[in-house]
Amino acid sequence: MNTTDNLIPRPSHVAPQDGPSFTLSPGARIAAGNTAAQIAEQLAALLRTATGFSLPLVEEHRPGDIALDLVDAFDGGPEAYTLTASEDGVRLTASSPAGLFNAVQTLRQLFPAAIEEGGASEEGDAGTWVVPAVEILDAPRFAYRGLMLDVARNFLSVKEVKEQIDVMTQFKFNALHLHLTDDQGWRIEIRQPEENPSGLDYAKLTEVGGRGAVEVATAVPPRGNSGFYTQQEFRDLQAYAAARNVVVIPEIDLPGHVNAALAAIPQLNPDGVAKDMSTTADVGWSTLDASLPATYEFVAEVLGQLAAMTSGPYLHVGGDEALVTGHANYITMMQEFARLASLTGKTVVGWNEFAEAELPNGSVIQYWFGDLDPIVRQADATAPTVIMSPAANTYLDQKYSAESPIGLEWVKGGPFTWAEYYNWDPAQGGLTDQQILGVEGPLWTETVRNNQQAQWLLYPRAISLAEVAWTGQELRNAGDFRRRLGAFGERLTKQGVVFQEAPDVEWS
Ligand code: TNX
């Protein structure tokens, strides 16, 4: 029988009960009020596929059912939940759909691994679907638990990104940062505005920039995929994510990493001549020009449209590796870009370099490398404004070992396995939990060409990050995590998820 101690991420309180376990029977129903119906339907869909039971949605529960309850007050915030399972039924409670969604992910892991199998099973399987008797009380350590996909170097279609969302959400990730623009590609439609003083042709961003991609000899195939999202597709993607408790954070990388824009729009160049598109994986060689009025007009328009099509509260303005931008120009531009971004009503996010500029109140700093001290000093002491992505603990694009066929290897301290991404505390260098919004693992895609390759770099390391972001430091233990990771292998395999079979893990 499945046990209660294989859960990932590990919940705050798990109390196995002595009484008889719960068995999902062919006549079971899923009970949920109106506001929880969407989550209940997702649970029903998952269970129907594996069990072949009809599992109708109903309003009132009776013994033998799974009940989802939205309640008013709740300790632990909107994402907290309780789960109780006994012979009588399963009951999930939370104060928000997000909390119920989390509860459903936990319940999924309490069923036997066969629950992950597509294709309804035989009738003789009634009796298989047993959940151990348990009481769980759970809440996340951090509000923001994210992954980043670099769709600029290598484009991933809406369908591919949705598949990534399907996998990440079972680990209670709730944020997906999309790196939409870079030197090699521009991935988001920007429409021609009515007010256009400098006569910029915004359609060229995707006409020219959307056709680009990176090219790296060791990648398979060497050239990345090109493409872009229409505004409609971007909205559709966010709706899909939101239904799964995932907020999308779009990034326009500024003022460096902008060659695709410089190639699309000649007026962004001081000589008025469009650059050529580039496929090199080099970084830090392009920049916007601080003295051109078109620069600010362009950024205001792009961020304005991006904010209008973004349902979440964040806009990411990049700010990393502006190595050919003079310092004063960098500060001038980043300050103005951050101001323009906050004028849209969104919370501004940027890579840690941008913290050198004067930022709107409440701006979020994504720490990835360098001196943490100034970030700690600048971080709001009372509000969570730091996302922790230290490269040596979170960079999912790095090789697992020198033999890894794909991945980069510039981050010092490697090789990077599930253990390096598990054994660290986001509250470091004087940062407190109160100052930390959360944790994010970026997947740069210089060497990634499809979802299978992406998954291989992501898993199992992203699972480490999920537990770092969710579970209190005092409850984390690498040895115990390794055991649970091994037990999870069977589920990943049944889901068809590609993962690196870390040699120090006993995979089921
Ligand atoms: C640095 S990390 C970058 C990216 C590259 C990555 C490769 C960061 C904020 N910028 O432009 O893709 O290295 O690992």
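Reading the values: the criteria
- Residues numbered from 1 in each chain as written.
- Predicted model: local features only at pLDDT ≥ 70, side-chain atom pairs only at ≥ 80, totals over all residues.
- Heavy atoms only, no water.
- 1 Å grid on protein atoms, 1.4 Å probe; cavity = no way out; pocket = protein on both sides within 12 Å on 5 of 7 lines; lining within 4 Å.
- Points joined across faces, edges and corners; volume = space filled by probe spheres on them.
- Helix = DSSP H or I, 4+ residues; strand = E, 2+ residues; numbered from the N terminus.
- Nonpolar A, V, L, I, M, F, W, Y, C, P; charged D, E, K, R; others polar.
- Domains from an automatic or database assignment.
- Near = heavy atom within 4 Å.
- Polar contact = N/O pair within 3.5 Å; in protein donor to acceptor, adjacent residues only side chain to side chain.
- Areas by Shrake-Rupley, 256 points an atom, 1.4 Å probe, with all protein chains shown as cover.
- Buried < 20%, exposed > 50% of the residue type's maximum accessible area, 1.4 Å probe, protein only.
- Buried area = accessible area lost by both parts, 1.4 Å probe.
- Salt bridge = Lys/Arg side-chain N within 4 Å of Asp/Glu carboxyl O.
- Pairing = 2+ DSSP bridges.
- Axes fitted to C-alpha atoms, helices over the stretch in contact; angles between N-to-C directions.
- Contact = heavy atoms within 4.5 Å.
- Parallel < 35°, antiparallel > 145°, perpendicular 65-115°, else oblique.
- Left-handed = near helix turned anticlockwise from the far one by under 90°.

Q: It is not clear to me how the layout of surface pockets should be interpreted in this structure. Could you clarify?
A: The probe, sized like a water molecule, is rolled over the atoms to show the empty space still left. Roughly 560 Å³ of internal volume is contained in the largest pocket. Residue assignment for the lining of the largest pocket shows that the elements contributing at least two residues are helix 1 (37-51), helix 2 (97-110), helix 3 (158-168), helix 11 (451-458) and helix 13 (478-495). For the lining of the largest pocket, a count of residues per class yields 9 nonpolar, 10 polar and 7 charged. Three or more residues apiece are contributed to the lining of the largest pocket by two domains, here domain 1 (13-138) and domain 2 (144-477).

Q: What am I meant to see in the site of the ligand here?
A: In the vicinity of the ligand, 14 residues are found, and the nearest of them are R153, Y395, D397, W410 and E446. D320 places a side-chain nitrogen or oxygen 2.8 Å from a nitrogen atom of the ligand. One of the side-chain nitrogen or oxygen atoms of E446 is found 2.6 Å away from an oxygen atom of the ligand. Out of a free accessible area of 360 Å², the ligand has 98% covered by protein chains. A class-by-class count of the residues in the shell around the ligand yields 7 nonpolar, 2 polar and 5 charged.

Q: In this structure, what is going on with unusual backbone geometry? I would like to understand it.
A: With omega at -15°, the peptide bond leading from L254 into P255 counts as cis. Its place among the elements puts P255 in the loop between strand 14 (247-254) and helix 6 (259-264). Backbone torsion omega between Y459 and P460 reads 15°, so that peptide bond is classified as cis. Position of P460 among the secondary structure elements: in the loop between helix 11 and helix 12 (461-470). Even without glycine at this site, L55 takes up a positive phi of about 45°. Mapped onto the elements of the fold, L55 is located in the loop between helix 1 and strand 4 (57-58). Judged by its relative accessible area of 0%, L55 falls in the buried class.

Q: Just checking my understanding: could you explain the domain arrangement of the protein for this structure?
A: Where interface size is quoted, it is often the accessible area lost as the parts come together. Domain parsing of the protein yields domain 1 (13-138) and domain 2 (144-477). Taking only C-alpha atoms into account, the centre of domain 1 sits 36 Å from that of domain 2. For the domain 1 and domain 2 pair, buried surface summed over both sides reaches about 970 Å², with 43% attributable to carbon and sulfur atoms. Of all residues in domain 1, E79, F101 and Q105 bury the most surface against domain 2, accounting for 41% of the area lost on that side. Counting across the interface, domain 1 meets domain 2 through 1 salt bridge. Of the charged contacts, one joins E79 and R145 as a salt bridge, the two residues approaching to 2.8 Å between their closest N and O atoms. Where domain 1 meets domain 2, there are 7 residue pairs in polar contact (both at pLDDT 80 or more). Put simply, the parts of the chain that give the side of domain 1 that touches domain 2 at least two residues each are helix 1 and helix 2. Broken down by element, the side of domain 1 that touches domain 2 gets its largest block of residues, 7 residues, from helix 2. When grouped by side-chain class, the residues that make up the side of domain 1 that touches domain 2 number 3 nonpolar, 6 polar and 3 charged.

Q: How do you make sense of the sheet that holds strand 1 (residues 13-16) when you look at a structure like this?
A: Read across the sheet, 7 strands follow the order 1-9-6-7-5-3-4 without closing on themselves; strand pairing throughout is mixed. Sheet topology places strand 1 and strand 4 at the edges, where each strand pairs with a single neighbour. Bridging between strand 6 (residues 81-86) and strand 7 (residues 89-94) involves 6 bridges; their strand directions are antiparallel. By the bridge assignment, T84 is partnered in strand 7 with R91.

Q: What exactly am I supposed to notice about the sheet that holds strand 18 (residues 386-388) here?
A: Pairing between the strands of a sheet comes from backbone hydrogen bonds, and it takes one of two forms, parallel or antiparallel. Strand order around the closed barrel formed by 8 strands is 10-11-14-15-16-17-18-19, with parallel pairing between neighbours. The average angle at which neighbouring strand axes cross in this sheet is 25°, direction not considered. Sheet analysis places strand 18 next to strand 19 (residues 436-443), joined by 3 bridges and oriented parallel. Its bridge partner being in strand 19, I387 is matched across the sheet by G438. Here helix 7 (residues 293-309) sits on the sheet in contact with strand 14 and strand 15 (314-318), set at roughly 175° to strand 14.

Q: Please explain the packing of helix 1 against helix 2 as it appears in this structure.
A: For any two helices packed against each other, the geometry is given by the interaxial angle and the distance between the axes. Direction vectors running N to C along helix 1 and helix 2 enclose 15°, while the axes themselves pass 10 Å from each other. Considering their axes alone, helix 1 and helix 2 lie roughly parallel with respect to each other. Crossing angle aside, the handedness with which helix 1 passes helix 2 is right-handed. Along the contact surface, helix 1 presents I39, Q42, L43 and L46, while helix 2 presents P97, L100, F101, V104, L107 and R108. Among the residues making up the contact of helix 1 with helix 2, the classes are represented as 8 nonpolar, 1 polar and 1 charged.

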